[in-house]
Amino acid sequence: MNLTIVASWILMGSLAWMGTASLDVQRKQTLAKNMDWVLENPDFLRRHLRAPLWPLFALTLFCMVVIAFGFWSLPSLEAVYLKNGTILAAAGILCAVHGFQESRIAQAIPKPDRRSATLRPRSLENYAPKAFRWSADAALLLVSLGVLVAWSLGAVTAAFAVAVAISIATLVGVVAWGRWATLSERSPHFQQVRRITDKDLSENYRRFAVQLMLSMQLVVALLVAVQLAVQLAGWQLVHNPLQTMLQEVFGGQRTFPVLVRYEHYDAVVSILAAILVAWLPWTPAFADIRKINLVSLAKEETR
Amino acid sequence: MDVSIDESSAIPVYRQLVQQVVKAVGDGRLRPGDPLPTIRQLAVDLDLTPATVSKVYQILEAAGIVATAGRRGTFVHGEASANVGRFLSREMEIRFREFVDEQLQAGIAFADLKRFVTKELSDSNRRNA
C-alpha cells in the first residue's frame, strides 16, 4: 500500500484518539461549571455524561476515504492539498458542532452562587521557564535574521526569503493569539477541581498550552534553519508550492534541485505529527481530569 | 491568594470583593507592589461582568489601595497599608450613616436608637475585653 496513505491513516488514527480524549475532557469541564448542581440532577448527568463520539468517528472515516482516494487517483501535490484541506475542514466542522453542543449544555447549568478565583495575575512567566521562553523567541529571531542576511548577500532566492517571512509571520500571529487565548481562558472548575482532584487542571492546561506553543516556535525555527542550510549548500529541501508561486511572481531567479520529494516529506511529517498527537492525552493537563469519574461521584453523592 | 463571592449574600458582589482585597492588604497577604489580575481575568474567572470588577478596582484606586500603571497592569499601592485604615473608617462612617437614616425613616425614635447603639458598643467592648 502507498506509504503516504499509511502515514496519513496513522495520523488520522492518532487524531481520532486525541479527539475522544479532548471531547471527554471538554465535557467534564462543561459539567464542572456547577458540579454540585449536576450531581444533584442525575437525569441531566446521565444525559450529558459523555460527549457523543459519532461525529468524530464519521469525520475520521470520511477523511481516511478521501485521503486514500486522493493518493490513488491524483498527482502527489494535489493529493497532499486534498488531504490537508479535508483534515482542516473536518476539524473545523467538529469544533463548530461540538462548541455549539457544549455551549448549549453550559447554558442549561445554573451558575453556582459561591464562586472563587485567584488574585494572582496570569502571565506567561508562570507557565514556562524564562530560559525556554527566551530560547524560543531568540531562535525565531536568529533564523529570521539569518534568512534576511542570506537573501541580502544573494545566497538564497527572494521567493525563499518571502516564503519564510510569510511562514514566520503566520506562526507569530498564531502564537500571539494562542498566548492571549491561554491566559484569558476561564477557570470554570476552580473550586470544583480541588474537590475532585489534588491538582489544578486549568493551570496544568495553561502550562501545557504555553509550552506547546514555545515548542512550536523552536520546531519552526529548526525547520527554517535546516531549509536555509540546505539552500546555502545549493539544494532545496523539498518542493514548496508557495515558493514556486512566489518564484513565478519574482521571476528570473535561479532554481535549486529538490532534495526530498514532497510526498515523502509529507509522510515523515505525518508520522511525527501522529506521535506528538498520540502523546497529548497523556500529558498532566489531560490526565488529571480524565481520571475524574463522574459516575462514581454521582453514586457517592446519592449514598 | 483567592477571593470568593456569594451571590446569595445580602452584600453586593462588588463590596464583597472590595472587602476581601482590603482585608488581604490589612493582614499582609497582599503587599505593596503585588500585581493584581486584569479586570478581564477576574471577571471571566468569577463569571461577573467586567463592569462589576472595574467598579471594584475604581473604588480601591480612589481609596489609594491599588494603583493602575497603564499597560503594566494593576498593583497594590505603595501606601496601601496606611490607606486601609482611612478607607475602613470612611466605609464605616458611610454604612453607619446609612443604618441610622434607615432606622429613623423606619420610625425608630432617636433616643431608642442611641440607647441601642450605646448598649451594643458597651456589650461588644465587654465581650472583646
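Rules used in this analysis
Counting from 1, residues in each chain are numbered in the order their sequence is written. Going through the entries in the order they are written, you letter the chains from A and number the ligands from 1. Whole-chain, interface and lining totals are the exception, using all residues; otherwise, since this is a predicted model, local features are given only for residues with pLDDT of at least 70 and side-chain atom pairs are given and counted only at 80 or more. Water and hydrogen atoms were dropped before computing side-chain values, which therefore reflect all heavy atoms in the structure. The numbering of helices and of strands both runs from the N terminus, where a helix is a DSSP run of H or I of at least 4 residues and a strand a run of E of at least 2. Radius of gyration here is computed from C-alpha atoms only, and the compact-globule reference equals 2.2 Å multiplied by the residue count raised to the power 0.38. Categorising residues by exposure relies on relative accessible area from a 1.4 Å probe, with only protein chains included: less than 20% of the type maximum marks a residue as buried, more than 50% marks it as exposed, and the intermediate range marks it as partly exposed. Only heavy atoms matter for contacts: two residues are in contact if any of them lie within 4.5 Å across the pair. Only the protein chains shown count as cover for residues, and all accessible areas are computed by the Shrake-Rupley method using a 1.4 Å probe. The convention is simple: Lys and Arg are positive, Asp and Glu are negative, and His and the chain ends are not counted. Where a charge sits is defined by one atom per residue type, namely NZ (Lys), CZ (Arg), CG (Asp) or CD (Glu). Stacked, tilted and edge-to-face are the three classes assigned to paired rings of Phe, Tyr and Trp, where Trp is represented by its six-membered ring and a pair needs centres within 6.5 Å; plane angles under 30 degrees give stacked, over 60 edge-to-face, the rest tilted. For cavity detection a 1 Å grid was placed over the protein atoms alone, and a set of points counts as a cavity when a 1.4 Å probe fits there but cannot get out; an open set counts as a pocket when protein lies on both sides within 12 Å along at least five of seven lines, with lining residues being those that have an atom within 4 Å of a point. Grid points are joined across faces, edges and corners, and a volume is the space filled by probe spheres set on the points. Gly is put with the polar residues, along with every residue not named as nonpolar or charged; the nonpolar set is Ala, Val, Leu, Ile, Met, Phe, Trp, Tyr, Cys and Pro, and the charged set is Asp, Glu, Lys and Arg. In this analysis, the expected span of each helix is defined as 1.5 Å times one less than the number of residues it contains. Salt bridges are counted wherever a side-chain nitrogen of Lys or Arg sits within 4 Å of a carboxyl oxygen of Asp or Glu.

A. Representation of the overall build of chain B. Counting secondary structure elements, chain B contains 5 helices and 4 strands. Ordered by position in the sequence, the α and β elements of chain B form the string β-α-β-α-α-β-β-α-α. In terms of overall size, chain B is more extended than a compact globule, its C-alpha atoms giving a radius of gyration of 18 Å where 129 residues would be expected to give roughly 14 Å. By residue count, 35% of the 129 residues in chain B fall in the buried class. Counting contacts in chain B only where the partners sit at least 6 residues apart, residues at least 24 apart contribute 47% of the total. Summed over its atoms, the accessible surface of chain B is roughly 8,000 Å², and 55% of this surface lies on carbon and sulfur atoms. Within chain B, the 17 negative side-chain charges are centred at a point lying 5 Å from the centre of the 17 positive side-chain charges.

B. Broad picture of the packing of aromatic side chains. Evaluated as defined, the whole model comprises 2 aromatic pairs over all chains. For the pair W37 of chain A and F44 of chain A, a centre-to-centre distance of 5.0 Å together with 75 degrees between the ring planes defines the contact as edge-to-face. Its relative accessible area of 23% is what places W37 of chain A among the partly exposed residues. Relative to F99 of chain B, the ring of F96 of chain B has its centre 6.3 Å away and its plane inclined at 35 degrees; by these criteria the two rings are tilted.

C. Geometry of the layout of surface pockets. Considered as a void within the structure, the second largest pocket measures approximately 440 Å³ in volume. Looking at the lining of the second largest pocket, the elements that each hand over two or more residues are α7 (158-183) of chain A together with β2 (35-36), α2 (39-46) and β4 (74-76) of chain B. Examining the composition of the lining of the second largest pocket, we find that 3 residues originate from one element, α2 of chain B, more than from any other. Along the lines of polarity and charge, the residues of the lining of the second largest pocket split into 7 nonpolar, 6 polar and 4 charged.

D. Quick look at helix α4 (residues 80-105) of chain B. All names here are of chain B. If you check α4, its first and last C-alpha atoms are 36 Å apart, about what 26 residues at 1.5 Å a residue would give, namely 38 Å. Of all the positions in α4, only A80, N83, V84, F87, E91, V100 and Q103 are classed as buried. Tucked into the core, α4 has its buried residues touching α1 (13-26), α3 (50-62), β4 and α5 (110-128). Phi turns positive, to about 105 degrees, at G107, one or two residues after α4.

E. Structural context of the pattern of salt bridges. Applying the stated rule across the entire model yields 14 salt bridges over all chains. The closest approach of N and O atoms between D24 of chain A and K28 of chain A, which form a salt bridge, is 3.6 Å. Taken together, the residues span about one helical turn, with D24 of chain A and K28 of chain A both in helix α1 (residues 3-31) at a distance of 4 residues. According to the relative accessible area criterion, K28 of chain A is buried, its value standing at 6%. For R126 of chain B, the salt bridge identified is with D123 of chain B, shortest N-O distance 2.7 Å. Separated by 3 residues within a single helix, R126 of chain B and D123 of chain B lie in helix α5, roughly one turn from each other. Since its relative accessible area comes to 60%, R126 of chain B is described here as exposed. Linked by salt bridges that have partners in common, K23, D27 and R29 of chain B make up one network.

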